[in-house]
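Structure assessment
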Amino acid sequence: MKILAIIASPRGMQGNTGRLLEEVLAGVKESGAETEILSLKTLQVQPCVACDVCHATGICNIKDDYESIKDKMLVCDGFILASPNYIFSVSAQMKALFDRCNGLIHCMALEGKYAAIVETSGGGEDGEVIAYMERFVNTLGANSVGGIGSPMAGIRSFPDETNLYEKARNLGRELCRSVTERPKFHLQDEFIIAFRGRMAALVDLMKEYWVFEREQWEKKLSR
Ligand SMILES: Cc1cc2nc3c(=O)[nH]c(=O)nc-3n(C[C@H](O)[C@H](O)[C@H](O)COP(=O)(O)O)c2cc1C
């Protein structure tokens, strides 16, 4: 089993988010899975320029690291998204990746995969940032098995660390268990089914232009 972790802190794995992610990955490794960390500190993901080329061809026109990240997201068994809380949302690095995933979202290309979320903050609002990242996961067609977030207590430290790290390792184990056992998440599935209808209708509306996405939906609907 291969679990991909994407971390979007400008401090890479050296910051608070990296510290909490380490614990989630410890749980993943205990479950016997292979891990790979992609840090948006070193990988280049520029903002989307709305050229719409990805919708027509399936390939982004911007020449940076996005396509190789996309390929890894498509082949992994499960993935983890980790971001610091920046002004009640994700970091700009993570948001740039989300926007560049627009073509994957139109095709709901990660349907059937499972994900987990990691977030840290200076002082709170962890829940709303986790919920936002989980919503992104669902728009890709994937299910979130849960998220862990915490305010910091200092550099790479948190309040009630023993308890937090135990929960983080459990989240890593839960991600691997879900990849194997494929549980249903009914509330998320309701959203995913409704969003599927919306994306299918959008691509149908634009079918003359968005040839790649039209073909993806033809394949999806004929399965
Ligand atoms: C530009 C910026 C914006 C931030 N915005 C918030 C915020 O809105 N709320 C909050 O609680 N913490 C905020 N923080 C604090 C970080 O979320 C927090 O320190 C986090 O743990 C940093 O993670 P890192 O070390 O992995 O980068 C902000 C920090 C920066 C640099």
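Please read all numbers here as calculations on a predicted model, not as lab measurements.

Considerations on the packing of aromatic side chains
Enumeration according to the criterion identifies five aromatic pairs in this entry. Judged by centre distance (5.8 Å) and plane angle (55°), the ring pair of Phe98 and Tyr132 falls under tilted. Of this pair, Phe98 sits in helix α4 (residues 92-100) while Tyr132 is found in helix α6 (residues 126-139), placing the two residues 34 residues apart along the sequence. In this structure Phe98 comes out as buried when scored by relative accessible area, which is 4%. Using a relative accessible area of 32% as the deciding quantity, one classes Tyr132 as partly exposed. Put simply, the rings of Phe98, Tyr132 and Phe136 pair up and form one aromatic cluster. Looking at Arg135, its charged tip hangs above the ring of Phe191, at a distance of 4.2 Å from the centre. Taking the ring centre of Trp217 as reference, the NZ or CZ of Lys220 above it sits at 5.3 Å.

Brief notes about the layout of surface pockets
Approximately 380 Å³ is the volume attributed to the largest pocket. Around the largest pocket, the lining is made up of 19 residues, and of these Leu74, Leu104, Cys107, Ala109 and Gln216 lie nearest the centre. At the level of secondary structure, the elements contributing two or more residues to the lining of the largest pocket comprise α3 (66-75), α5 (102-107) and α9 (211-222). Here the lining of the largest pocket takes four residues from α9, the largest share from any one element. Broken down by class, the residue content of the lining of the largest pocket amounts to nine nonpolar, three polar and seven charged.

A look at the packing of helix α8 (residues 186-205) against α9
Relative orientation and spacing of two packed helices are given, respectively, by the angle between their axes and the distance between those axes. Running from N to C, α8 and α9 point in directions that differ by 130°, and their axes come no closer than 9 Å. Looking at the two axes, α8 sits oblique to α9. Both α8 and α9 take part in a crossing whose hand is left-handed. For the pair formed by α8 and α9, the contact residues are Arg196, Met199, Ala200 and Val203 on the first element and Glu213, Arg214, Trp217, Lys220 and Leu221 on the second. For the contact of α8 with α9, a count of residues per class yields five nonpolar, no polar and four charged.

Rules and cut-offs
- Residues numbered from 1 in each chain as written.
- Predicted model: local features only at pLDDT ≥ 70, side-chain atom pairs only at ≥ 80, totals over all residues.
- Heavy atoms only, no water.
- Phe/Tyr/Trp six-rings, centres within 6.5 Å; stacked < 30°, edge-to-face > 60°.
- Helix = DSSP H or I, 4+ residues; strand = E, 2+ residues; numbered from the N terminus.
- Buried < 20%, exposed > 50% of the residue type's maximum accessible area, 1.4 Å probe, protein only.
- Lys NZ or Arg CZ within 6 Å of the ring centre and 35° of its normal.
- 1 Å grid on protein atoms, 1.4 Å probe; cavity = no way out; pocket = protein on both sides within 12 Å on 5 of 7 lines; lining within 4 Å.
- Points joined across faces, edges and corners; volume = space filled by probe spheres on them.
- Nonpolar A, V, L, I, M, F, W, Y, C, P; charged D, E, K, R; others polar.
- Axes fitted to C-alpha atoms, helices over the stretch in contact; angles between N-to-C directions.
- Parallel < 35°, antiparallel > 145°, perpendicular 65-115°, else oblique.
- Left-handed = near helix turned anticlockwise from the far one by under 90°.
- Contact = heavy atoms within 4.5 Å.

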